[in-house]
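Given next are the chains, with one letter for each unit.
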Amino acid sequence: MPLHSKVRALGLALLLTITAVGLSAWTTAPSSSRTASSDAATAPAPVPEYAENGMVVSAKRTASEAGVEMLKKGGNAVDAAVATGFALAVVHPFAGNIGGGGFMVIRNPDGSVTTIDHREDAPSGATQDVYLDDEGNAARTRSRRGYLASGVPGTVAGLLKALDEHGRLDRATVMAPAIRLAEEGFPLPHALAEDLNDRYRAFAEFPVTKAYFTKGSASSKYRTGERFVQTDLAQTLKRIRDEGKSEFYEGETASLIAEQFQANGGLIDEQDLAEYEAVEREPVTATYRGYEVHSMGPPSSGGVAIAQLLNAAERKDISQMGFNSSATAHYLGEAMRRVFADRAKWLGDPDHVQVPTEGLIQKDYMQQRMASFTSSRVTPEDSIRAGEPMLTGESMETSHYSVADSSGMAVSVTTTLNSGYGSKVVIDGAGFFMNNEMNDFVLKPGVPNQFGLSGTKRNLVAPDRRMVSSMSPTIVEDPQDRLHLVIGAPGGSTIITTTFQVIMNVIDHGMNVEQAVTAGRIHHQWKPRHLSYEEFALSTDVVRNLRTREWDVTKGVFGGIPQWGRAQGLRIKHPDRPDQVRVFRGSSDPRGPGAAVGF
Ligand code: GLY
């Protein structure tokens, strides 16, 4: 999707502000109005949405509103998150889903934190050979398009497990907005109408997809504002509402999925679906300058990588070094290279391979990893390899939503079909897209996936195994143990670096959540060798400085089209004085058309 025009304006404002008046303007900028400025020398700072009772931030306004509808009915943050998740499956077919999977981090009102892993797993018939051609090369399209590309979906199991174990409202109530949106339809936003039209050729490859998500011919176009009704999806959601998890995994929907996958050369069968379970796991927790950062553990690499990056950043005075200065970009780029080298070697499904999570997130370990850092030049490419963490006994496209309620409960969810519209396969009679998550496995060691990420045998395709993810739903508590920030992002490999930089923008640079989400970003993932930067994120002289340090600096991820994650975040401002109230401040990334909605 092209960069939203707002981000260009804000990016330009960011650049002008930083170059004209320095970073201090950001920390002192007025925060009560989008346009007013009490200081003529500063550009107006973008400000977040405000609310006093709770907030939902997601990639679609209607989905955020579905969540807030639950808060208004007396539901908690989990009820709101589940309503938002099902609504996204209707209004955001690009990434919102019931045919994919994701990860959820939940902070309870008492401050305890848990996570629900509802990542897809490989069907029992999945082996490495399925994804290799006759010459033993990775047959990439098999894992990206069509019936072989899908893992067993986890979203319905994950959302309903969260609702059963942490929600207050019943299934019928939380699913009502999604069913309404599917049954009565919703006016097609311009971006979605255009995107569906642009994808005509890809969708027409699959007759069912062509029937549900095109107007039948390349010349017949969806129009902006046209009502988009999804009758079969509404029926599917109603069956799930009435019968619960067992309907999707053992009932009519399961039969539709299994029959169509078996008839079209896919792997998913009825037993794979019947055996699928969402798994509760411990969060990965890091401390950063007195804050506690809770994120998702394996099979996601997100929490481990963010903890490692924070451990590296904590060793420097990033605030004093300056936002996206040469010194900061150089140091963070070096940390990112080392962290992504570790990701490639060590991450896998913890139920199938040993992942040294504890060793990787130790502060001492990152100290060792950064020992080869020099401030004057980039570390030579061949000397960056994965580290050797202590082994302990422990066994583009995605979507994020952040929710918080008045009790201190918060939910951070990242969900995905993997690519936009996943495998492009729609289930006939059920009306939803299936994921292409099999591409997140290592198809062959050394062969990168669609995000350029490589890995080792720990992440090879194997029956029932969950593929490594970058999804990083995260919740941050302040040094007083109060809820501080709920954050996450889509964007393949940039999910990790986006989430990390938003956390640093808030804690180190004192940005409000809108500024933190909007600010330009850098990205390095070890391989390929580029230090990527977003348009306006680095000034010309910073780029020049980095090149003198021998960085291969490139605008846009991998030097190609921009695919920077669209973060969805909210921050809680606790009262400093007795006459103040606690305020929720939310921001949906201006790179996309989402919305923060509060009440
Ligand atoms: N499918 C993207 C990820 O899980 O990282």
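Residues numbered from 1 in each chain as written. Predicted model: local features only at pLDDT ≥ 70, side-chain atom pairs only at ≥ 80, totals over all residues. Heavy atoms only, no water.

Caption draft 1: Highlighting the nonpolar core. In this structure, I98 and L237 are the most contacted members of the largest nonpolar core, which totals 81 residues. Core analysis: the second largest hydrophobic core is formed by 54 residues, M366, M511, V513 and Y533 among them. (Core = buried A, V, L, I, M, F, W, Y, C linked by side-chain atoms within 4.5 Å. Buried < 20%, exposed > 50% of the residue type's maximum accessible area, 1.4 Å probe, protein only.)

Caption draft 2: Up close: the packing of aromatic side chains. The full count for this structure, using the stated rule, is 14 aromatic pairs. Centre to centre, the rings of F94 and Y421 are 5.2 Å apart; their planes meet at 85°, and the pair counts as edge-to-face. Of the two residues, F94 and Y421, neither departs from the other in class, the shared state being buried. Look at Y421 and F433: their rings are 5.2 Å apart centre to centre, the planes differ by 55°, and that puts the pair in the tilted class. Here F433 lies in the loop between strand 11 (410–416) and strand 12 (474–477) and Y421 lies in the loop between strand 11 and strand 12, a separation of 12 residues in the sequence. For Y421, a relative accessible area of 0% corresponds to the buried category. Judged by relative accessible area, F433 falls into the buried class, the value being 4%. (Phe/Tyr/Trp six-rings, centres within 6.5 Å; stacked < 30°, edge-to-face > 60°. Helix = DSSP H or I, 4+ residues; strand = E, 2+ residues; numbered from the N terminus.)

Caption draft 3: A look at the pattern of salt bridges. Per the counting criterion, the structure on display carries 32 salt bridges. D351 is the partner of R281 in a salt bridge, and the nearest nitrogen-oxygen pair spans 2.9 Å. Linking R281 in strand 7 (residues 279–281) with D351 in the loop between helix 17 (326–346) and helix 18 (357–361), this pair joins segments that are 70 residues apart in sequence. Among the ionic pairs, D589 bridges to R521, the shortest N-O distance being 2.9 Å. Of this pair, D589 sits in the loop between strand 18 (583–588) and strand 19 (595–598) while R521 sits in the loop between helix 21 (513–518) and strand 14 (522–523); the two residues are 68 residues apart in sequence, bridging distant segments of the chain. Overall, the relative accessible area of 1% leaves R521 in the buried class. Linked by salt bridges that have partners in common, D117, R281, D351 and R466 make up one network. (Salt bridge = Lys/Arg side-chain N within 4 Å of Asp/Glu carboxyl O.)

Caption draft 4: Summary view of empty space enclosed by the protein. When its volume is computed, the second largest cavity comes out at roughly 70 Å³. Across the lining of the second largest cavity, the residue classes break down as 8 nonpolar, 5 polar and no charged. (1 Å grid on protein atoms, 1.4 Å probe; cavity = no way out; pocket = protein on both sides within 12 Å on 5 of 7 lines; lining within 4 Å. Points joined across faces, edges and corners; volume = space filled by probe spheres on them. Nonpolar A, V, L, I, M, F, W, Y, C, P; charged D, E, K, R; others polar.)

Caption draft 5: Looking closely at the sheet that holds strand 7. Ordered in space as 7-4-3-11-10-2-19, the 7 strands form an open sheet in which the pairing is antiparallel. Two strands in the sheet have a free side with no partner beyond their single neighbour: strand 7 and strand 19. On average, each strand axis in the sheet is tilted by 15° relative to the strand beside it, whichever way the strands run. One ladder, built from 7 bridges, connects strand 3 (residues 101–107) with strand 11; its direction is antiparallel. Among the inter-strand pairings, G101 is bridged to a residue of strand 11, identified as T416. In the packing of helix 4 (residues 77–91) onto the sheet, the strands contacted are strand 2 (54–58), strand 3, strand 10 (398–405) and strand 11, and the crossing angle to strand 10 comes to about 155°. (Pairing = 2+ DSSP bridges. Axes fitted to C-alpha atoms, helices over the stretch in contact; angles between N-to-C directions. Contact = heavy atoms within 4.5 Å.)

Caption draft 6: Inspection of the environment of Q235 at higher detail. Position of Q235 relative to the elements: it lies in helix 11 (residues 231–243). Taking C-alpha positions, Q235 is 8.3 Å from E183, a pair spaced 52 residues apart along the chain.

Caption draft 7: Region of the structure containing the site of the ligand. Taken together, R119, N418, E437, D440, F451, S469, S470 and M471 make up the full set of residues adjacent to the ligand. The contact in question runs from a nitrogen atom of the ligand to an N or O atom on the side chain of N418, over 2.7 Å. A distance of 2.7 Å separates an oxygen atom of the ligand from a polar side-chain atom of S469. Here the ligand has 200 Å² of accessible area as a free molecule, and 99% of this is covered by the chains. Classifying every residue of the shell around the ligand gives 2 nonpolar, 3 polar and 3 charged. (Near = heavy atom within 4 Å. Polar contact = N/O pair within 3.5 Å; in protein donor to acceptor, adjacent residues only side chain to side chain. Areas by Shrake-Rupley, 256 points an atom, 1.4 Å probe, with all protein chains shown as cover.)

Caption draft 8: Structural view of helix 6 (residues 155–166). Over its 12 residues, helix 6 runs 16 Å from end to end, which matches the ideal 16 Å to within 8%, given 1.5 Å per residue. Within helix 6, 9 of the 12 residues are buried, which leaves the element mostly enclosed by the surrounding structure. Of all the residues in helix 6, the buried ones are T155, V156, A157, G158, L159, L160, A162, L163 and H166. (Expected span 1.5 Å × (residues − 1).)

Caption draft 9: Spotlight on the environment of Y288. Mapped onto the elements, Y288 comes out in strand 8 (residues 284–288). According to the relative accessible area criterion, Y288 is buried, its value standing at 0%. Between the C-alpha atoms of Y288 and L310, which are 22 residues apart in sequence, the distance is 6.3 Å. With sequence-adjacent residues up to four places away left out, Y288 is seen in contact with V293, L310, A313, E314, I318, M504, I507 and D508.

Such coordinate-based values are descriptive only and should not be taken to indicate function.
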